[in-house]
Structure formats: structure tokens, C-alpha cells
Amino acid sequence: MLHNKKLILAHFWLAFGGFGFALLLGEWQMYIRSPLHAWLGNPELYYRSVTAHGTTMAYVLPTLVAMGFGYAITEAALKRPLIGRKWAWAGLGLVLAGTIVAIIPVSLGLASVLYTFYPPMVGNPFYYIGVVMVVVGSWIWVALTVINLHAWKRDNPGAPVPLAMYANTAGALLWAWTAVGAAIELLFQIIPAALGLTTTIDAGLARVFFSWTLHAIVYFWLFPAYIAYYTIVPRAIGGRLFSDPMARISFSLFLVVAMPIGVHHLFADPQVGAGFKFLHSAFTALVSLPTLLTVFTICASVEIAGRLRGGKGALGWLKVLPWDNPLMLAVAFSFVMLGFGGAGGLINMSYQLDSSIHNTQWVTGHFHLIFGGAIVIMYFAIAYDLWPHLTGRALTSFRLMRAQLWTWFVGMIVLTFPWHYVGILGMPRRMAFYDYTDPAMAGEAASVMMSVLGGAILVVSEILFFTVLIRGHRAPRVEAGEYRFSVATHEPHSVPAALNGFGLWVSLMLGLTIINYGFPIAHLMALRDTSVPVVRVGGAK
Amino acid sequence: MSEEKLFSLRNRWFTGAVGLTVAIAAVAALFGFVLLPSLQTGATFADTWDKICTAAGLVRPTTLVSPVIKPDFQTSEVIVTPQMMGPTDTVSIGRGATLALRCTMCHGARGLSEADSPNLAGQYETAVYKQLQDFKTGARTSAVMSPRVTDLSDQDMRDLAAYFAYLPRLPGYHPTGDVPAPRIVISGAPLRNIPPCAACHGAIEYKTGAAWLEGESPVYLKAQLEAFATGTRRNDISQQMRNIARNMTPAEIAAAAEYYSRQPAAAVSEAAGLK
């Protein structure tokens, strides 16, 4: 039973509203950089757009989805109303206010520093303050998640924490710790410089702090998708979750190894030693473990659904799966994109192979395929699954939903595969224009145009998505019933203490942070004369 | 279950998870800090500890004795930062106005040249100050300018820079006409590593230390670009302008010089789609 439907719905609409706007910016960026458009007279416009696109897609959309879905899980899994309802609204208010505060200077061209900040470039302080407000708003959600779980545990001593809530809390704790890196960078380095209190900045140290956040944030984005794999998909397609402990182990492993691996974003940075780069590379390889466990468990769960529907033989169960069910389609597309994205990621995470694609369009292709593809398609699935429970009205446009998921899948493949290809050819990312008349780049023109087409398909998919949701709001009222999660083949009656709490996993996360980040940060902080003058952007013309 | 102690050596989850994590970290560290450095060709390590320190990224005084090669010419000694000039000071402007009397013969009574010497009215403070310093140290040489700056103190140069920056930017004595902005000015040439002129010299973005070019003499602009290209002028920090000018074709140099000379203030901004 969901008690705070308006709260959850507000989170989702704010998230998708921002997403809808940022997607159009993304396609505009693709178009103006392609051979289909003359060179942009003012490249600052491109960087302004990338900053808005990245900030909205990376910070606002996933944070709000995690928060809204998180509140839904807290109420539905614990089967009681949310404690701290007013605080939750305050958190949402802070995220909304932060988004507005940040987007104004970005729109005015006063903070075209991209969402990765790139010190020593420094823009208008309100941009950074807005981002901090978004993060602080999300920390309210973290606190409420922990408080609600704690209260439930107190009232149900010894009972296994429902899987959805276990995963939700793991995601919240991961986010709480991973956001600390960027928070330190913003509060102690960038914001003082943006306010004019300091005139120099240690850019190398700032990049190390940002890397602390930069990789685990991806897993924070990914948590809602993984929660949907485990706790929605098997129920929605009429199957059973293959293994409840396996799910708990996967989420716990994300908590341990998702964070202390961020230096693989700094392979080309001179300020971090090669030994630490290798260490982070090794742990990055480990983070594939929970994903592989998930792929196995979910495929097994889906197979259960196929067999229950009468599927026989080694592959016969695949044919009888409910392919007309949007959730089935979404998880299949998500896995295909996760597979390709993950395979590409092996190149990025390898200290040696990375140098061939570092800072090229390959990287853009990689994270769009994983985040924009595998994860965001599950955000759609979550919305489709949750919407009737939030609005009290059924979503009946199944054809439209399938068309939306198909176009998103095809669009994302057409967008990102050529990006990977031009990346291998060496096309740098984050440039406002390219000289396709030069023989060195002429061969990339066709691929870039293909990506523009992929982006256009995604815009069509976005329109379909909003059509489905808005139609849902106008449908006749129905009783959606209780919001339920998947049932495991063996429901947990007792769970080992390690898998019913987070003490062990959080301790390991903190310990690995010290091992993998302690020395590089301490060493860089101790070095003198490493700061460089701040470069202000959006200043005098 | 509630009585199960998690942080205990008897708990298999605890010992297993911690043991495995430590083991993986230890093996990865052994590879990263000891074995892989050993496989590096050409690297000379004193001992294992040296390998570990190097792999950790420790900054230490180098043991290699290689002579520091100094350039055989004077380089600029000015450190350009956005804060180098300090706040505007009316006393400084007044002193600058008096000192500037000696400049009028070539640079015009109000900083607007009637010859092919540069206009200084409205020129960025940092640009005037840096060039004066460079003339004095010999980083930039000129038969006319070099002897005239020998007696200028640092404060004199700051005052002159403040004064010229204070003067209004007036249209130069160069005919203005409607010529479209050359691509080199607005977009540069990405594959030849040439950024747009307007990305540093105003219009798209202004970078500290860059000069204001609109309305300058085409002869002067062309001569400076050619001097950068041939290396006869080399007071640009880190070869910023030399690297650009070397890659420009003579036609592009002529086009950029001609275009800037014809522009009144802010014209390039309009060409780039900005006001």
C-alpha cells in the first residue's frame, strides 16, 4: 500500500520533466556537431548545452528516480507509511530549488564548465551551490531510508529485511559515501574559488576527489534498475526470483567495490601513481562480479517464468515468455545494452587499453549505452509498473509502451555504436565542431550522421513515453491493489546477519577507500606548489 | 539470528569477506607496486622500496643528473594571472596619463595611432603591462620601444597600463567595410591545432594576457603574426602564439590581420553571433 502517492509522483514527474528537456539538448548537440550543420559560430553555446544536459541527466534525473522509487519501496516493502513525510517534501524542495539555482547561471552562459566541473575552470558560484543543494536534498532521502529501516527493524526484531528495502538502503548508503568526494571538491576547493575567496586551485587533487564520486555515482544510477530486475521483473512476468541471498550478495558487493575504483577515470592523469592506477583497475574488474551474478540470477528467474508457462527444452522457454509485456521487453533490451556496454567497459577499465580510447567519443558511447540505455530503459519500466499505483488509473496503451521501448532500444544502439567506432578512430569527445573536410576526419562523417539519426529516434521515443504517462493520467479510475514485489523460489525465513544489515559491507567500503584513496589524497594534500591560477569562464567578452 | 555476532572471528561471513578483500587488495598491490614496475623496460630502480615509492606516485628529487637546458634567449618573466593587476586605481590612471605623454608621438595623443604602431586606447591592462615588462627584460625587442622603457619602474608600467585601459575604445583610422569574418577568426582550424582567434582575444571568450585587436593596424598585426611564425618574436608564454602562427598559412595571416583592422569595437562579437 502506497501512502504518499503525491510525493512519489512529484519525484518522478520532476525527474522526467528534466529528462525530457535535457534529451532535446542532447540531440541538438549531436546535430550541430555533425556534418549536417555548419560550424557553430560560438562554441560556448555547445558547452553551455552540454553542461545543462549533463547536469540534468547525471545529477537530477537519477537522483530523483532513486528518491521517488526509494520512498515507494520504503512504504510498499515495509508495509507502513513513511516516517518523516515532511522531511521528504523538504528534500524534494531542496532538489527542485537546487536545480533552478544551478540552471540559471548555466542558461546565461556563466558556468559552461560541464557537469564534471573541470577545474581550474571555474564558473558562477550559484551553479555549484545548486548542485550541492541537489546532493543535500538527496541526503535527506538517505537519512529517511536509514531511519525507516531502523524503525522497522526495531519493531520486527530478527525478521529478514524485505529484499527491495535491503537493496534500496544499500543504494542510499552507497550514494551517501560516494557523494562525499565531489562534496569535498565543491565545498573546499571550487566554491571558495568561485566566490573569489581563493585565486588558485589544486586541480590534480580536485580531480582525485571527483573520481571518488564519478564512478560509484554510476552504480547509484544503476541501483533502481537492478532493484527492478530483482523485485519487479520476476513478478511482472509471472515468474519467481531464483535466489534471494544471491540478490543480497550482489547489492552488498556493489556497496564494497563500486566506490574505491574511481581512479580508472584518471589513467591519463600524472598526479596519481601507476601502482594506484593498477589497484583501481583490479577492483574495477571485480565490480563486474555483482553484475554477472545479477545476469545469472535474473536469467534463471526469467527461465522459471518460461517453464511455468509450459516452455520445454534448452531454449524453448524463451519462446513462450510474455514478450508483449513491456517489463519483459524492457529487461531483455536492458540486458542486451548492458552486455555491449559492459564489454566496451572492459577497454575503459584496463590501464593499458584505455589509452587507445581515452577521452574519445568511445567514452561518450560507453556511458550512454550503459546509463542512457540499460539503466534508463528500466526507469521507464519502473514508471510503467508503478504508475497505476500512483495515479489509481490503469496504463492501457501496451502497444505504445512496446513501441516506446523498441524505439528507445533501437535509437540507443544507432546512437552509441557509431560513437564507439569513431572513438576507436580517435575522434575526441566534448568538441564544439569537427573539420570533416579534412581527409583525416572525412571518414567519420557518415558515422556521426548515423548517431544524429539515433538521437532523433530517441526523441520520438521520448514523445511516446510522455504520451503513455499522460494518457495514464486521463484514464478512468481503477483500484490498483497492493503494490507487491517478486516472490523468491525460497522465501527467506532467516537471513545471516551479514545479509540482513550493512555493518560488514560499509566497513569494507570504508576500509577499501582508505587503502585505495588514502595515500594519493594525503600525498597530494601534502605537496606544496601544486595549485594553479583559476581560469574563470563566462567572464569578460 | 539476532544473537548472531557479525564482527567476530567465528562468523564465516565476516572472516570470509574481510579475508577475501584483503587478499585481493594484497595481490593487486603486489602486481601494481612490485611486479609490474619490474617489467618496465628502461626503468632503473635502486631497490624494491624504490619501485614501490615510484608506483605510489611519490614525488622525490630526481636521481638522474641531466643538465637543465636553458634557452639561448631571454624569455618573459611576467607571470600572468587574472589577479596580477589589482583593482582600478584613479591615482594610478592619473600618473599613467602624465607618463603617457612620452608615448604620444607614435601611439597618438589619446592612444589612437595614426601610423602603423598599435592603438593603445582601451587595450587590456595586462597586455600593456606585460609587453612593457618584456621590452624591458629583452624578452621582446624593438629598436624603438626597447630604449624607451629602460627607465620605467614596475609601478610606472602599471600606471601606464591602467591609463591606456581607462581610455575609451574608439574606431581606428582604418576604413571599415563589410567583410565576412574569416573562418580562422571564428572557428580556427581544429585539425591544425589552431583555436579561433576570438576564443582568447574577446568575442567568444577573453583569456587573461591576450590583447584587444579590433581596429589595430593591419600592417602591425600581420608583422606580429609573421614574427611569431618565424620565431623572431618569442615573448609569448609557452609558445602560445608561435604554435598558432606557425600553423597558419600566409593567406590566413593576411585575412585575419585585415579583418581585425577593419573592425570597430565589438564587431567580431556580432560576427560570432554574440552582442
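Residues numbered from 1 in each chain as written. Chains lettered and ligands numbered in written order. Predicted model: local features only at pLDDT ≥ 70, side-chain atom pairs only at ≥ 80, totals over all residues.

J.: Tell me about the overall build of chain A, residues and numbers included.
T.: In terms of regular secondary structure, chain A is built from 19 helices and four strands. What you see for chain A is a C-alpha radius of gyration of 23 Å, in line with the 24 Å of a compact globule of 541 residues. In terms of its C-alpha atoms, chain A occupies a principal-axis envelope of roughly 65 × 50 × 45 Å. Counting the 541 residues in chain A, one finds 55% classified as buried. Across chain A, the fraction of contacts at a sequence separation of at least 24, relative to all contacts at a separation of at least 6, is 86%. (Helix = DSSP H or I, 4+ residues; strand = E, 2+ residues; numbered from the N terminus. Rg over C-alpha atoms; globule rule 2.2 N^0.38 Å. Buried ≥ 20, exposed ≤ 12 C-beta atoms within 10 Å, placed from the backbone. Contact = placed C-beta atoms within 7 Å.)

J.: Describe the overall build of chain B, and please don't skip the residues or the numbers.
T.: Along its length, chain B carries 12 helices and zero strands. Helices and strands appear in chain B in the N-to-C order α-α-α-α-α-α-α-α-α-α-α-α. Computed over the C-alpha atoms, the radius of gyration of chain B is 29 Å, more than 25% above the 19 Å expected from 2.2 N^0.38 for a compact globule of 275 residues. For chain B, the spread of C-alpha atoms along the principal axes amounts to about 90 × 45 × 45 Å. Expressed as a percentage of its 275 residues, the buried residues of chain B come to 34%. Within chain B, contacts between residues separated by at least 24 positions form 68% of all contacts whose residues are at least 6 apart in sequence.

J.: Any chance you could break down the nonpolar core for me, citing the residues and the numbers?
T.: In this structure, A167, L174, L255, A330, I375, I377 and F380 of chain A are the most contacted members of the largest nonpolar core, which totals 185 residues. Per-element accounting of this core gives the leading share, 17 residues, to helix α15 (residues 361-391) of chain A. Residue contacts for A330 of chain A: discarding those within four places in its chain leaves I377, M378, F380, A381 and L405 of chain A. One finds A121, F135, A257 and Y259 of chain B within the second-largest nonpolar core, a separate group that totals 39 residues. (Core = buried A, V, L, I, M, F, W, Y, C linked by C-beta atoms within 7 Å.)

J.: How would you summarise helix α7 (residues 216-231) of chain A if you had to cite specific residues and measurements?
T.: Residue and element names in this part refer to chain A. For α7, built from 16 residues, the straight-helix expectation of 22 Å at 1.5 Å per residue is met to within 8% by its first-to-last C-alpha distance of 22 Å. Along its length, α7 shows its largest kink, about 40°, at L222, and proline P224 lies within four residues downstream of that point. When you tally the buried positions in α7, you get 16 out of 16 residues, the bulk of the element. (Expected span 1.5 Å × (residues − 1). Bend = angle between axes of the 7 residues up to and from the residue.)

J.: With reference to specific residues and values, describe the packing of helix α9 (residues 218-230) of chain B against helix α11 (residues 250-262) of chain B.
T.: All names here are of chain B. One can describe the packing of α9 onto α11 by two numbers: an axis separation of 8 Å at closest approach and a directional angle of 145°. In this structure, the crossing between α9 and α11 has a hand that is right-handed. Together, P218, L221, K222, L225 and E226 of α9 and I253, A254, A257, E258, Y260 and S261 of α11 make up the contact between the two elements. Its residues assigned to classes, the contact of α9 with α11 shows seven nonpolar, one polar and three charged. (Axes fitted to C-alpha atoms, helices over the stretch in contact; angles between N-to-C directions. Left-handed = near helix turned anticlockwise from the far one by under 90°. Nonpolar A, V, L, I, M, F, W, Y, C, P; charged D, E, K, R; others polar.)

J.: Which residues make up the domain arrangement of chain B, and what values go with them?
T.: Partitioning chain B into structural domains gives domain 1 (12-55), domain 2 (90-166) and domain 3 (183-271). Taking only C-alpha atoms, the centre of domain 1 of chain B and the centre of domain 3 of chain B are 51 Å apart. (Domains from an automatic or database assignment.)

J.: Could you give an account of unusual backbone geometry, naming the residues involved and the relevant values?
T.: Residues and elements named next belong to chain A. For the peptide bond that leads from P119 to P120, omega is 15°, which places it in the cis range. By secondary structure assignment, the location of P120 is in the loop between α3 (85-107) and β1 (121-122). Of note, the phi angle at N359 is positive, near 60°, even though the residue is not glycine. Note on placement: N359 falls in the loop between α14 (354-357) and α15. Overall, the presence of 13 C-beta atoms within 10 Å leaves N359 in the partly exposed class. Its identity is not glycine, yet R430 carries a phi of approximately 55°, on the positive side. You can see R430 is positioned in the loop between α16 (398-424) and α17 (439-442).

J.: Account for the interface of chain B and chain A, naming residues and giving values.
T.: Listed by partner, the interface residues are 40 residues for chain B and 42 residues for chain A. For the side of chain B that touches chain A, the element with the highest residue contribution is helix α1 (residues 12-39) of chain B, accounting for 13 residues. Residues that form the side of chain B that touches chain A fall into these classes: 28 nonpolar, 10 polar and two charged.

J.: Could you give an account of the packing of helix α9 (residues 244-257) of chain A against helix α11 (residues 288-308) of chain A, naming the residues involved and the relevant values?
T.: Residues and elements named next belong to chain A. Running from N to C, α9 and α11 point in directions that differ by 155°, and their axes come no closer than 8 Å. When the axis of α9 is compared with that of α11, the two are roughly antiparallel. Here the hand of the crossing between α9 and α11 comes out left-handed. In contact with M246, A247, I249, S250, L253 and F254 of α9, α11 contributes L289, P290, L293, T294 and T297. Its residues placed into classes, the contact of α9 with α11 shows eight nonpolar, three polar and no charged. (Parallel < 35°, antiparallel > 145°, perpendicular 65-115°, else oblique.)

J.: Outline the environment of T284 of chain A, listing residues and values.
T.: Assignment of secondary structure puts T284 of chain A in helix α10 (residues 274-286). With near-sequence residues (within four places) excluded, T284 of chain A lies in contact with I261, H264 and M349 of chain A.

J.: Can you tell me about α9 of chain B, naming the residues and giving the values?
T.: Residue and element names in this part refer to chain B. Its 13 residues place the ends of α9 18 Å apart at the C-alpha level, agreeing with the 18 Å of an ideal helix rising 1.5 Å per residue. Taken as a whole, α9 has its buried residues at L221, Q224, L225 and F228. The arc that holds the buried residues of α9, viewed along the axis, is 95°, so those residues lie on one side. The elements touched by buried residues of α9 are α10 (240-247) and α11. (Arc of directions from axis to C-beta.)

J.: Could you give an account of the confidence of the model for chain B, with specific residues and numbers?
T.: Confidence along chain B averages 88 in pLDDT terms, with 91% of residues attaining 70 or more. Across the predicted assembly, pTM comes out at 0.91 and ipTM at 0.90. (pLDDT = per-residue confidence, 0-100.)

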